[in-house]
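Observations on the model geometry
Okay, here's what each chain looks like letter by letter:
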Amino acid sequence: MSEYDVIVLGAGPVGENVADRVVRGGLSAVLVEHELVGGECSYWACMPSKALLRPAQALRAARHVAGAAQAVTGELDVAAVLARRDSFTSGWKDDGQVEWVRGAGIDLVRGHGRLSGVRQVTVDTADGTATVLTARHAVVVATGSDALIPDTEGLRDARPWTSREATSAERVPAGLAIIGGGVVATEMASAYASLGSTVTLVARGGLLRGMEPFAGDLVAAGLRDQGATVLLDTAVSRVTRTDAGVEVHTGDGTVITAEEVLVATGRTPRTTGIGLETVGLAAGEWLTTDDTLRVPGHDWLYAAGDVNHRALLTHQGKYQARAAGDVIVARATGAPVADQPWGRHVATADHAAVPQVVFTDPEVASVGLTERAARAAGHDIRVVDYEIGNVAGASVRQDGYAGTARMIVDERRRVLLGVTFAGPDVSDLLQAATIAVVGEVPIERLWHAVPAYPTVSEIWLRLLEAYGR
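Throughout what follows, the structure given in this document is the object of discussion. Being a predicted model, the structure only gives us computed values, none of them experimental.

Points about the overall build of the protein
Across its full length, the protein carries 15 helices and 21 strands. Taken over the C-alpha trace, the protein has a radius of gyration of 24 Å; the compact-globule value for 469 residues is 23 Å, and the two agree within 12%. With the C-alpha coordinates of the protein rotated into their principal frame, the extents come out at 65 × 65 × 40 Å. A burial count over the protein gives 51% of its 469 residues as buried. Taking contacts inside the protein between residues at least 6 apart in sequence as the whole, the part at least 24 apart equals 62%. Per element, the accessible surface of the protein, about 20100 Å² overall, is 49% carbon and sulfur.

Written as structure tokens, this is what we have:
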């Protein structure tokens, strides 16, 4: 039996950050991982997906600037795109990540970890042995999430792709049917359409339904411009695997034929088989936490990242990890705990200021509340829209620049509750919006944050002018 101050289940970016903060605070930590150290983000999500998207984005950007457009004479080199993608995943080897873990003073145990008692984890290793670990202070569950495959007739038997297969594919299928309308669905539709696949996206409702409606509309138009077929408000009734590929049947009788089908309809927590039932919790469910990421009723158990369902984004999980690691150290050493809203030891931003980028063409970047969410929360708001293409810097950035910006203003406090941008390269605008929302910067003070001319950031001045002074 080995003893540590903190045991972390899951060595993805969230688990790594928890362990790093713990060790920096003077405690000992061990990571338990049965797959690749670095987790979903490094090998099957954030990094490989953006690596697949970026070459086509760069090519389209050049084609939308006169002078550069005339110099672009070729098409994407698909083999080179896939090879570059492979470089970001280190060929699906985690040697570099393991080296970082060891250099940070963190121990690593390979195998499947499960809670086997209070502050106790049993690790079943590949050689059939079991190692028992005990924690003096805390166990942190950072096991992440898996793709959700709905109970659609024939879908499981059709051996569908999930995000893992889509981001690690060794070849581009001639045809790809995508079920879903969220971030994974739209990004992979953009990537594979750009790589030469005939893409059909089938969404039960609209696209990007958790964002402002105009964002989904612009992304749908962008996908169609890339040659993808986008079917909205369309349900899938049955999927069949054939000798030639797959057939996707919709509720209106349409049959979509493709070589592969990608399911991108949501996520499910990786909480089955990790021993939650041994401490009175339900296996297969999301783990609820307070804002210090501690599971209520268990003063030693924490959950960070996707597994707690607060905000299923890598950067937000790492934010939670820093708070969790620091508060574990504070509680272990008897230091003051800053658990007031926006304090050092809480993840307040999960509720009010989650930034997100969808790397489609056009991009979508948002933070905070949408109009619908703000009204549902009872805020007295004003919605201000402005066409980004009317900004001088946008016309310099790209010929025919088209996009929309929206800010949601709390009229009582005269601060921003949320901001959404949809247009080329709008991800570059997001951090300023995030600071404005998190800092609750008054509208009157924002007038003094002068945007440089001519940049797309001048959209801030135009939004304020539209609001009025």
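Side note on the sheet that holds strand S8 (residues 175–179)
Taken in spatial order, the 4 strands line up as S10-S9-S8-S14 in an open sheet, and their pairing is parallel. The open sheet has two edge strands, strand S10 (229–231) and strand S14 (260–263), and neither has a second partner. Within the sheet, the average angular offset between the axes of one strand and its neighbour, ignoring direction, is 15 degrees. Relative to strand S9 (residues 198–202), S8 runs parallel, the two sharing 5 bridges. Bridging across to S9, Ile 179 finds its partner in Val 202. Contacting S8, S9 and S14, helix H7 (residues 183–194) runs over the sheet at an angle of about 165 degrees to S9.

Some points on the packing of aromatic side chains
Considering all chains together, one arrives at 3 aromatic pairs under this definition. Note on Phe 421 and Trp 460: the rings are 6.0 Å apart at their centroids and 75 degrees apart in plane angle, and the pair reads as edge-to-face. Note that Phe 421 is positioned in strand S21 (residues 415–423) and Trp 460 in helix H15 (residues 459–467), a separation of 39 residues in sequence. In this pair, the class of Phe 421 matches that of Trp 460, namely buried. Lying across the ring of Trp 44, Arg 164 places its NZ or CZ 3.6 Å from the centre.

Considerations on the sheet that holds S21
Pairing is antiparallel across the open sheet formed by 5 strands, whose spatial order is S17-S18-S21-S20-S19. In this open sheet, the two strands that pair with only one neighbour each are strand S17 (356–358) and strand S19 (381–387). Strand-to-strand twist across the sheet, computed as the mean angle between neighbouring axes with direction ignored, equals 15 degrees. For strand S18 (residues 363–368) and S21, the ladder comprises 6 bridges, and the chain directions are antiparallel. The residue bridging Val 367 from the neighbouring strand is Val 419, located in S21. This element, helix H8 (residues 213–225), spans S18, strand S20 (404–410) and S21 of the sheet and lies at about 10 degrees to S21.

Some thoughts on the layout of surface pockets
Of the volumes computed, that of the second largest pocket is approximately 630 Å³. As for the second largest pocket, its lining consists of 25 residues, of which Arg 60, His 64, Asp 361, Pro 362 and Pro 424 are closest to the centre. Those elements that place two or more of their residues in the lining of the second largest pocket are helix H3 (46–63), H7 and H8. It is H3 that provides the largest number of residues to the lining of the second largest pocket, a total of 5 residues.

Focus: helix H13 (residues 430–438)
Residues spaced three or four apart along an α-helix point in a common direction, a consequence of the helix completing one turn every 3.6 residues. Taken as a whole, H13 has its buried residues at Leu 430, Ala 433, Thr 434, Ala 436 and Val 437. Down the axis of H13, the sector holding all buried residues measures 165 degrees, keeping them to one side. Turned more than 90 degrees off the buried face of H13, the exposed positions are Gln 431 and Ile 435. Against the buried residues of H13 lie helix H10 (349–352), S17, S18, S21, helix H14 (443–446) and H15. Immediately beyond the C-terminal end of H13, within one or two residues, lies Glu 440, with a positive phi of roughly 50 degrees.

Regarding the side chain of Asp 326
Topologically, Asp 326 is positioned in helix H9 (residues 314–333). Here Asp 326 is in contact with Arg 21, Arg 344 and His 345, once residues within four sequence places are set aside.

Quick word on the nonpolar core
Nonpolar side chains in soluble globular proteins tend to end up buried together. Within the largest apolar cluster, 35 residues are counted, with the highest numbers of intra-cluster contacts made by Ile 178, Tyr 192, Leu 201, Leu 207, Leu 223 and Val 364. Secondary structure elements with two or more residues in this core: H3, helix H4 (78–88), S8, H7, S9 and H8. At 6 residues, the largest contribution of residues to this core is made by H7. In this structure Leu 207 touches Gly 181, Thr 186, Leu 201, Gly 216, Val 219, Ala 220, Leu 223, Val 230 and Leu 232, once residues within four positions along its chain are discounted. Judged by nonpolar contacts, the second largest core, of 32 residues, contains Leu 416, Val 426, Trp 460 and Leu 463.

Digging into unusual backbone geometry
For the bond running from Asp 361 to Pro 362, omega is 10 degrees, close enough to zero to count as cis. Note that Pro 362 resides in the loop between S17 and S18. A cis amide bond, omega -5 degrees, links Tyr 453 with the succeeding residue Pro 454. Its place among the elements puts Pro 454 in the loop between H14 and H15. In the Ramachandran plot, Arg 159 falls in the positive-phi region, its phi being about 50 degrees despite a non-glycine side chain. With respect to the helices, strands and loops of the structure, Arg 159 is situated in the loop between strand S7 (145–147) and helix H6 (163–168). Judged by relative accessible area, Arg 159 falls into the exposed class, the value being 55%. Here Asp 425, not a glycine, exhibits a phi torsion of approximately 60 degrees, which is positive. Secondary-structure assignment places Asp 425 in the loop between S21 and H13. Under the relative-accessibility criterion, Asp 425 is labelled partly exposed at 28%.

The rules behind these values
Each chain has its residues counted from 1, running along the sequence as written. Per-residue local features of the predicted model are confined to residues with pLDDT of at least 70, and side-chain atom pairs are confined, for both listing and counting, to 80 or more; whole-chain, interface and lining totals are unaffected and use all residues. Only hydrogens and water are set aside; all other atoms, that is, all heavy atoms of the structure, feed into the side-chain values. Helix and strand labels come from DSSP, where a helix needs a run of H or I of at least four residues and a strand needs a run of E of at least two; each type is numbered from the N terminus. Here the globule rule reads 2.2 Å times residues to the power 0.38, and the radius of gyration is calculated from C-alpha atoms. Relative accessibility thresholds used throughout: buried, under 20% of the residue-type maximum; exposed, over 50%; partly exposed, between the two (1.4 Å probe, protein chains only). Contacts were defined at the residue level, with two residues in contact if any of their heavy atoms lie within 4.5 Å. What sets the accessible areas is the Shrake-Rupley method with a 1.4 Å probe; for residues, cover comes only from the shown protein chains. Think of it this way: DSSP has to see at least two bridges between two strands before they count as a pair. The convention used is that axes are lines fitted to C-alpha atoms, helices contributing only their stretch in contact, and that angles between N-to-C directions extend from 0 to 180 degrees. Here a Phe, Tyr or Trp ring, Trp counted by its six-membered ring, pairs with any other such ring whose centre lies within 6.5 Å, and the pair is stacked when the planes are under 30 degrees apart, edge-to-face when over 60, and tilted otherwise. Any Lys NZ or Arg CZ that is within 6 Å of a ring centre and within 35 degrees of that ring's normal is treated as a charge sitting over the ring. Cavity and pocket criteria rest on a 1 Å grid covering protein atoms alone: a 1.4 Å probe that fits but cannot get out defines a cavity, protein on both sides within 12 Å along at least 5 of 7 lines defines an open pocket, and an atom within 4 Å of a point defines a lining residue. Grid points are joined across faces, edges and corners, and a volume is the space filled by probe spheres set on the points. Within this analysis, the arc is defined by the directions that extend from the helix axis to the C-beta atoms. In this description, a nonpolar core means a group of buried Ala, Val, Leu, Ile, Met, Phe, Trp, Tyr and Cys residues linked to one another through side-chain atoms lying within 4.5 Å.

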